[in-house]
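Here is how the chains run, residue by residue.
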Amino acid sequence: MTQIQVARPTLGEEEAAAARRAILSGWVVQGPEVAAFEKEFAAMVAAPLAVACSSGTAALHLALAALDLGPGDEVITVSHSFIATANAVRYTGATPVFVDVEYATGNINPDLIEAAVTPRTRAILAPHQLGIPCDLNRILPLAEKRNLKVVEDAACAIGSEISLKAGEWEHIGRPRGDLATFSFHPRKVITTGDGGMVTGRDPEIMARIARLRTHSMSLSTAEREIAGGIVFEKYPEVGFNYRLSDIQGAVGREQLKRLPGLITERRRLADRYRQALAGHPHLDLPREPSWARSNWQSFWVILKEECPRGQKEVMQTLLERGIRTVRGVMCAHREEAYLGTPLRFPLPVSERLQDRSVIIPLYPGMSDGDQDRVIAALGEVLESK
Ligand SMILES: Cc1ncc(COP(=O)(O)O)c(C=O)c1O
């Protein structure tokens, strides 16, 4: 019996050839391939500017640092996300203020944001969780009214779409807020091994992000090489080494070419799951609002309260049948690293989703036969008591 993985990257000869091209060029650190990747990525999501970096976490840290967040500031965000979301706030010295999420999307609940605003609040950090766009239609006016920055954590959302005007669809990442950040970890829709991207509109902020990525060096190695004479760089503020390599940049460019096809296939597989599992007495399914189109980076099922089987039991039984799953999105506030960050609001939906949802296999290249095996096994596991 073959194992069915929960996720698999789509990498092939094209990516191998691109990596080879970068390696044989003799220039492997961030250089022309990364610059081209940034341009092509920006064009794909219709963003004026894009800056590549070493991970989605680095992208978040760069974005928050470039907005000058620091000790004493508060950022309204969710606990219900990969811990990188909250950690990035902590890196800056600011305090994450967690609010609860919506059951059907796993995204920040806009109804709860206003009550969390204090005189110290500077920004809202809103993930498009697992690919489903968060409710920017409601978050953006709220932020404007309270003079808050908006950073979209689009780590999972490359290729997802949102409709802010009836009948018009736009890719996540233009961005609609101040900045959006992406991840190219292999569980995401496209990958460079590890990698990330920040997109934005403000040239000054984006230039600062590009400098912060390389220790705020005023001139890059490449710029010094082409300067023609001897020039020395300066370091006006403390930055980081968050560069992406040119080998990764070259791979990313090939992955971008695949993106439309990958999304089409993910949506097809998600539709098959929805058709097979909708109405199951023990399951709730994630729901795309009418103004959102997910890239279906992940598909999850939520075990209803009355479901006779617990999350771990369902996952273990599926594993014994050769089907790998992942528990629902974690909650940072339940981790030891966050015991010192007092909760201001209860997070019952976040906790319920962590404890009751299971991410099931979905990736381009998954055969319909394997998907049917997952559907059948899940049905049997849930019925067997
Ligand atoms: C919502 C969210 N934000 C940030 C990250 C961090 O991305 P990376 O793993 O590339 O650092 C992830 C990764 O899983 C994520 O899911």
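Residues numbered from 1 in each chain as written. Predicted model: local features only at pLDDT ≥ 70, side-chain atom pairs only at ≥ 80, totals over all residues. Heavy atoms only, no water.

### Here's the deal with the pairing of strand 9 (residues 196-200)
Consideration 1: Counting buried positions along strand 9 gives five out of five residues, so the element sits mostly inside the fold.
Consideration 2: Here strand 9 shows a buried face lined by Gly-196, Val-198 and Gly-200 and a second buried face lined by Met-197 and Thr-199.
Consideration 3: Across five bridges, the pairing between strand 1 (residues 49-53) and strand 9 is antiparallel. Across the sheet, residue Leu-49 finds its bridge partner in strand 9, namely Gly-200.
Consideration 4: Alignment of strand 8 (residues 179-183) against strand 9, held across five bridges, turns out to be antiparallel. Each bridged residue has a counterpart across the sheet, and for Phe-182 the counterpart in strand 9 is Met-197. (Buried < 20%, exposed > 50% of the residue type's maximum accessible area, 1.4 Å probe, protein only. Helix = DSSP H or I, 4+ residues; strand = E, 2+ residues; numbered from the N terminus. Pairing = 2+ DSSP bridges.)

### Side note on the sheet that holds strand 3 (residues 95-99)
In any sheet, the strands associate via hydrogen bonds between backbone groups, in a parallel or an antiparallel arrangement.
Consideration 1: Reading across from one edge, 1-9-8-5-4-2-3 is the order of the seven strands in this open sheet, with mixed pairing throughout. Strand pairing shows two members of the sheet lacking a second neighbour, strand 1 and strand 3, which therefore form its edges. Strand-to-strand twist across the sheet, computed as the mean angle between neighbouring axes with direction ignored, equals 25 degrees.
Consideration 2: Across three bridges, the pairing between strand 2 (residues 74-78) and strand 4 (residues 121-127) is parallel. Residue pairing in the sheet places Val-75 in a bridge with Ala-123 of strand 4.
Consideration 3: Here helix 6 (residues 203-212) sits on the sheet in contact with strand 1, strand 8 and strand 9, set at roughly 15 degrees to strand 1. (Axes fitted to C-alpha atoms, helices over the stretch in contact; angles between N-to-C directions. Contact = heavy atoms within 4.5 Å.)

### Comments concerning the pattern of salt bridges
Consideration 1: Tallied over the full model, the rule gives 30 salt bridges.
Consideration 2: Between Arg-213 and Glu-38 there is a salt bridge, with its nearest N and O atoms 2.9 Å apart. Within this pair, whereas Arg-213 is found in the loop between helix 6 and helix 7 (221-226), its partner Glu-38 is found in helix 2 (residues 32-45), the two being separated by 175 residues in sequence. The burial state of Arg-213 is the same as that of Glu-38; both residues are buried.
Consideration 3: A salt bridge links Glu-254 to Lys-257; the shortest N-O distance between them is 3.0 Å. With a gap of three residues between them, Glu-254 and Lys-257 both fall in helix 8 (residues 246-277), about one helical turn apart.
Consideration 4: We classify Lys-257 as exposed; its relative accessible area is 60%.
Consideration 5: Ionic contacts of the salt-bridge type, sharing partners, join the residues Glu-265, Arg-268, Arg-272, Asp-368 and Asp-372 into one network. (Salt bridge = Lys/Arg side-chain N within 4 Å of Asp/Glu carboxyl O.)

### Observations regarding the pairing of strand 2
Consideration 1: The element strand 2 is largely enclosed, with a buried count of five among its five residues.
Consideration 2: Of the two faces of strand 2, the one lined by Glu-74, Ile-76 and Val-78 and the one lined by Val-75 and Thr-77 are each fully buried.
Consideration 3: Pairing of strand 2 with strand 3, which is carried by five bridges, proceeds in the parallel orientation. Pairing of Val-75 across the sheet is with Pro-96, part of strand 3.
Consideration 4: Read from strand 2 through helix 4 (residues 84-92) to strand 3, the crossover connection turns out right-handed. (Right-handed = clockwise from strand over helix to strand, strands pointing away.)

### Considerations on the domain arrangement of the protein
It is common to report an interface's size as the accessible area lost on association of the parts.
Consideration 1: Taken domain by domain, the protein comprises domain 1 (13-257) and domain 2 (259-383).
Consideration 2: Facing 48 residues of domain 1, the contacting portion of domain 2 comprises 42 residues.
Consideration 3: Here domain 1 and domain 2 share an interface that buries about 4000 Å² over both sides, 60% of which is from carbon and sulfur atoms.
Consideration 4: Along the contact surface separating domain 1 from domain 2 lie three salt bridges.
Consideration 5: The tally of links between domain 1 and domain 2 comes to 23 residue pairs in polar contact (both at pLDDT 80 or more). (Domains from an automatic or database assignment. Buried area = accessible area lost by both parts, 1.4 Å probe. Polar contact = N/O pair within 3.5 Å; in protein donor to acceptor, adjacent residues only side chain to side chain.)

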